Amino acid sequence: MNKNSHTEENYLKAIFKLQEKDRAEVSTNDIAKLVNTRAASVTDMLKRLADKNLVHYKKYQGVSLTDLGKKAAINIIRKHRLWESFLVDKLNFKWDEVHDIAEQMEHVESEELINRLNEFLGFPEYDPHGDPIPSKNGVFAGKEMNVLHDMPVGFIGIISGVNEHSQAFLNHLDKINIKLGVQVKVEDRNDYDNSFWISIGSTEPVFISKEVAKNLLVFKK
């Protein structure tokens, strides 16, 4: 098979992420929103990917990844998340600074380099945002995470990931000292607007909105 272009790889990754939400097929409009382009451009790309046997595509119908396309998408995601881990753990970047850099580095072709990077990092199962890193065989870590918003008053757990990866959201978490790996306790909940008071580690309780609570993932301690 011919080598996939960076743009083709980005489309495969986008389709995979959309299908992760328990969707057998996704629309061209959904893909267009995710990759920030016109639906007509998406259609042209899907034809190219179908010619390479990377997607199942019929005009006016949904699109899904083939086994070959899924394997390629997982490989890109693996590289992206390993590079994010390297940038945070070894080069001391903040978790809100690494996404765009990893977007550039995820297209490196050398499988040997990625395998050595994985070994150098100690075979991490999760990236700095708590997203699972697939193994070289395409297997994702299987620890169950819970959404903080769904947890009752008195719940104690460990911050393990985020659903929202925007720089503004991650900056907000930094300001209130919410980081991966710290203990969190749900102290109180406002039934009117579903906002929360939580304790982070040993600090005094802090207020978080419903939207923040819906985008924080936790392991039960």
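In this text, all values refer to a predicted model and were calculated from it rather than measured experimentally.

Participant: Would you explain the pairing of strand 5 (residues 183-190) in this entry?
Facilitator: Two faces, one strand: in a regular strand the side chains alternate between the faces of the sheet. Sheet analysis places strand 4 (residues 156-162) next to strand 5, joined by three bridges and oriented antiparallel. Residue pairing across strands places I158 opposite Q183, the latter belonging to strand 5. Here strand 5 hands over to strand 6 (residues 195-200) after four residues, with N194 in that stretch at a positive phi of 60°.

Participant: Could you clarify how one ought to interpret the pairing of strand 6 in this entry?
Facilitator: Within strand 6, five of the six residues are buried, leaving the element largely enclosed by the surrounding structure. Here six bridges tie strand 5 to strand 6, and the two strands are oriented antiparallel to one another. Each bridged residue has a counterpart across the sheet, and for V184 the counterpart in strand 6 is I200. Where strand 6 and strand 7 (residues 206-208) come together, three bridges link them in antiparallel fashion. Bridge pairing links W197 to F207 in strand 7.

Participant: In this structure, what is going on with the layout of surface pockets? I would like to understand it.
Facilitator: Gaps left between atoms show up when a probe the size of a water molecule is rolled over them. Estimates place the volume of the largest pocket at around 780 Å³. As for the largest pocket, its lining consists of 23 residues, and the residues nearest its centre are K17, E20, L34, R81 and H165. At the level of elements, helix 1 (6-19), helix 2 (28-35), helix 4 (67-89) and helix 5 (99-105) are the ones that each hand at least two residues to the lining of the largest pocket. By residue class, the composition of the lining of the largest pocket is seven nonpolar, seven polar and nine charged. Lining the second largest pocket are 26 residues, and of these K71, A72, N75, K79 and E111 lie nearest its centre. Of all the elements in the fold, those that place two or more residues in the lining of the second largest pocket are helix 4 and helix 6 (111-120). For the lining of the second largest pocket, the element with the most residues is helix 4, which contributes ten residues. Looking at the lining of the second largest pocket residue by residue, the class counts come to eight nonpolar, eight polar and ten charged.

Participant: How do you make sense of the sheet that holds strand 3 (residues 146-147) when you look at a structure like this?
Facilitator: Two modes of strand pairing occur in sheets, parallel and antiparallel, and in both the strands are linked by backbone hydrogen bonds. An order of 3-8-4-5-6-7 is seen for the six strands of this open sheet, with the pairing classed as antiparallel. Two strands close off the open sheet at either side, each with one partner strand: strand 3 and strand 7.

Participant: For this particular structure, what's the right way to read helix 2?
Facilitator: Note: α-helices contain 3.6 residues per turn, so residues at a spacing of three or four share the same orientation. Turning to helix 2, its buried residues are T28, I31 and A32. Along the axis of helix 2, the buried residues cluster in a sector spanning 100°; they form a single face. Buried residues along helix 2 sit in contact with helix 1, helix 3 (39-51), strand 1 (55-57) and strand 2 (63-65). Just downstream of helix 2, N36 is the residue with a positive phi angle, here 60°.

Participant: What is the right way to read the packing of aromatic side chains from this model?
Facilitator: Scanning the model with the defined rule gives five aromatic pairs in all. Between F16 and F140 the ring centres are 6.2 Å apart and the planes differ by 15°, which places this aromatic pair in the stacked class. Here the residue F16 occupies a position in helix 1, and F140 occupies one in the loop between helix 6 and strand 3, the gap between them amounting to 124 residues. On the numbers, 6.2 Å between centres and 75° between planes, the contact of Y126 with F219 is edge-to-face. Pair noted here: Y126 is in the loop between helix 6 and strand 3 and F219 is in strand 8 (residues 216-220), with a separation of 93 residues, a long-range link. Since its relative accessible area comes to 19%, Y126 is described here as buried. Joined through ring pairs, the aromatic side chains of W83, F86 and F120 make up one cluster. The ring of F120 carries K90 above its face, with NZ or CZ at 5.2 Å from the centroid.

Criteria and cut-off values
- Counting restarts for each chain, with residues numbered from 1 along the sequence as it is written.
- Local features are withheld for residues below a pLDDT of 70 in this predicted model, meaning they are given only at 70 or higher, and side-chain atom pairs are given and counted only at 80 or more; totals for whole chains, interfaces and linings count all residues.
- The side-chain values count all of the structure's non-hydrogen atoms but skip hydrogen atoms and water molecules.
- Any two strands with at least two DSSP-identified bridges between them are counted as paired.
- Secondary structure follows DSSP: runs of H or I at least 4 residues long count as helices, runs of E at least 2 residues long count as strands, and numbering of each begins at the N terminus.
- Only protein chains enter the accessibility calculation, which uses a 1.4 Å probe; a residue is then buried when its area is under 20% of its type maximum, exposed when over 50%, and partly exposed in between.
- In this analysis the probe radius is 1.4 Å and the grid spacing 1 Å, with only protein atoms considered; a cavity is a set of points the probe fits into but cannot get out of, a pocket is an open set with protein on both sides within 12 Å along at least five of seven lines, and lining residues have an atom within 4 Å of a point.
- Grid points are joined across faces, edges and corners, and a volume is the space filled by probe spheres set on the points.
- Charged means Asp, Glu, Lys or Arg here, nonpolar means Ala, Val, Leu, Ile, Met, Phe, Trp, Tyr, Cys or Pro, and polar covers whatever is left, Gly included.
- By construction, the arc corresponds to the directions joining the helix axis to the C-beta atoms.
- In this analysis, two residues are considered to be in contact whenever any of their non-hydrogen atoms come within 4.5 Å of each other.
- Note on aromatic contacts: the rings of Phe and Tyr and the six-membered ring of Trp form a pair at centre separations within 6.5 Å, being stacked when their planes are under 30 degrees apart, edge-to-face when over 60 apart, and tilted otherwise.
- In this analysis the charged atom, NZ for Lys or CZ for Arg, is taken to sit over a ring once it is within 6 Å of the ring centre and within 35 degrees of the ring normal.

Shape descriptors only; they carry no functional weight alone.
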